[in-house]
Amino acid sequence: MLNTPNAVQKPDFNGDGKTDLFWRSPVTNQTAVWLMDGTQLLQGSFLADVPVTNGWDDPAFGDFNGDGKTDLFWRNSLTGENAIWLMEGVRLLEGQFIEPVKQGGTALLGDFNNDQKTDILWHIPAEGLVSIWEIDGTTVAETLLLQPLGELWTAKLGDLMAIARRICCGAIAAMGRRWFGF
Ligand SMILES: [Ca+2]
Ligand SMILES: [Ca+2]
Ligand SMILES: [Ca+2]
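Residues numbered from 1 in each chain as written. Chains lettered and ligands numbered in written order. Predicted model: local features only at pLDDT ≥ 70, side-chain atom pairs only at ≥ 80, totals over all residues.

Draft legend 1. Broad picture of the pairing of strand S8 (residues 91-98). Pairing of strand S7 (residues 82-88) with S8, which is carried by 7 bridges, proceeds in the antiparallel orientation. Looking across to S8, one finds that Ile84 is bridged to Gln96. Connecting the antiparallel pair S7 and S8 is a turn made up of 2 residues, with Gly89 showing a positive phi of about 65°. (Pairing = 2+ DSSP bridges. Helix = DSSP H or I, 4+ residues; strand = E, 2+ residues; numbered from the N terminus.)

Here is the structure:
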């Protein structure tokens, strides 16, 4: 399951501030990008010869290398595999698998350390695991474990940043209670 905060929901693959389009065919497994100028199609291209087979969820949009151009985060909910595609306009610059996260994990994207590079917040309700991966390009630069939160906490589409805040604030409040007794 993939969730994306509103700030990075709209893809801008060439960084011109204008929303572009991402296409995926469930029949051919091909993906394509259209660079847009308003309602005008500037450039369109299939993305390399990288078929995205069934099992991979639709990608979430982020900017993992901080260049102002939208990248893609892929998750395979069936296998737990994850991958990042760094994008440059209609071109796939680099695609890498990153560490797998088992089934049932939910990913929320946001820039939690404000370095302009999108990070990943994981929640695995069955295990109560809450973790932030700080991402630098296609590398997991740092992994931070937060206060565990169980199945009462479920990420849903909607106000996702609020959910992330609830998770983070809940974790911080729990740590405060434990350390400072409030
Ligand atoms: Ca654009
Ligand atoms: Ca980028
Ligand atoms: Ca970041």
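Draft legend 2. How the structure looks around the pairing of strand S2 (residues 21-24). With 4 bridges connecting them, S2 and strand S3 (residues 31-37) associate as antiparallel partners. Bridged to Arg24 within S3 is Thr31. Here S2 folds back onto S3 in antiparallel fashion, the turn holding 6 residues, of which Asn29 has a positive phi close to 65°.

Draft legend 3. How the structure looks around unusual backbone geometry. A positive phi angle, close to 55°, is found at Asn114, a residue other than glycine. Along the polypeptide, Asn114 turns up in the loop between strand S9 (106-110) and strand S10 (119-124). One non-glycine residue with positive phi stands out, namely Gln116, at about 70°. Along the chain, the position of Gln116 falls in the loop between S9 and S10.

Draft legend 4. Summary view of the sheet that holds S7. In space, the 4 strands of this open sheet follow the order S5-S6-S7-S8, with antiparallel pairing throughout. The open sheet is flanked by strand S5 (60-62) and S8, the only strands paired with a single partner. Pairs of neighbouring strands in the sheet enclose a mean axial angle of 25°, with direction left out of account. (Axes fitted to C-alpha atoms, helices over the stretch in contact; angles between N-to-C directions.)

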